[in-house]
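Geometric and topological summary
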Amino acid sequence: MILDQCEILILDEPTRNFSPLTTPVLCRALTAFDGVIISISHDRRYLHEVATTVYELTSDGLTKIK
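The rules behind the values
Residues numbered from 1 in each chain as written. Predicted model: local features only at pLDDT ≥ 70, side-chain atom pairs only at ≥ 80, totals over all residues. Heavy atoms only, no water. Buried < 20%, exposed > 50% of the residue type's maximum accessible area, 1.4 Å probe, protein only. Helix = DSSP H or I, 4+ residues; strand = E, 2+ residues; numbered from the N terminus. Arc of directions from axis to C-beta. Contact = heavy atoms within 4.5 Å. Patch = residues over 30% accessible without salt bridge, like charges linked within 9 Å, V, L, I, M, F, W, Y side chains within 5 Å. Areas by Shrake-Rupley, 256 points an atom, 1.4 Å probe, with all protein chains shown as cover. Salt bridge = Lys/Arg side-chain N within 4 Å of Asp/Glu carboxyl O. 1 Å grid on protein atoms, 1.4 Å probe; cavity = no way out; pocket = protein on both sides within 12 Å on 5 of 7 lines; lining within 4 Å. Points joined across faces, edges and corners; volume = space filled by probe spheres on them. Nonpolar A, V, L, I, M, F, W, Y, C, P; charged D, E, K, R; others polar. Pairing = 2+ DSSP bridges. Right-handed = clockwise from strand over helix to strand, strands pointing away.

A word on helix α1 (residues 23-32)
Residues of α1 that are buried include every one of Thr-23, Leu-26, Cys-27 and Leu-30, and no others. Projection of α1 onto a plane perpendicular to its axis shows the buried side chains occupying an angular sector of 100°, all on one side. Within α1, the exposed residues directed more than 90 degrees away from the buried face are Arg-28 and Ala-32. Buried residues in α1 make contact with β1 (8-12), β2 (36-40) and α2 (44-50).

Following this line, the structure appears as structure tokens:
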């Protein structure tokens, strides 16, 4: 992952294939990223650590939950 000169990262389940030791490293790198991150994830710990705004998509539509 190259973060130089990127303003937007689009990530789909970024923690899915990482080990429990690698996920915290990824979370720290993403938290330090100065741009916008659009991410889809079921990993609640990742969302809690990295996301400042969280939306949930349900059959009733999009709901802001954080």
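Describing a nonpolar patch on the surface
Taken together, Ile-8, Ile-10, Val-36 and Ile-38 make up a surface patch of nonpolar side chains, about 410 Å² in accessible area. Elements supplying a minimum of two residues to the nonpolar patch: β1 and β2. Within the fold, Ile-10 resides in strand β1. Judged by its relative accessible area of 69%, Ile-10 falls in the exposed class.

Let's talk about the layout of surface pockets
A probe matching the size of a water molecule, rolled over the atoms, marks out where space remains unfilled. Reported here for the largest pocket is a volume of approximately 670 Å³. Every residue lining the largest pocket is counted, 24 residues in all, and those nearest its centre are Ser-39, Leu-47, Thr-53, Val-54 and Tyr-55. Among the elements that line the lining of the largest pocket, the one with the most residues is β2, at five residues. Classifying every residue of the lining of the largest pocket gives 15 nonpolar, seven polar and two charged.

Describing unusual backbone geometry
At Glu-13, a residue that is not glycine, the phi angle is positive and equals roughly 50°. You can see Glu-13 is positioned in the loop between β1 and α1.

Topic: the pairing of β2
Pairing of β1 with β2, which is carried by five bridges, proceeds in the parallel orientation. Counted as the bridge partner of Asp-12 is Ile-40 from β2. Running through α1, the crossover from β1 to the neighbouring parallel element β2 is right-handed.

Digging into the pattern of salt bridges
In the structure shown here, the tally under the stated rule is two salt bridges. Here Arg-45 ties to Glu-49 by a salt bridge, and the two come within 3.8 Å at their closest N and O atoms. Here Glu-49 and Arg-45 lie together in helix α2, a separation of four residues that amounts to about one turn. By relative accessible area, which is 62% here, Arg-45 ends up exposed. Given the relative accessible area of 39%, Glu-49 is considered partly exposed.

Function-wise, these values are silent; they only describe arrangement.
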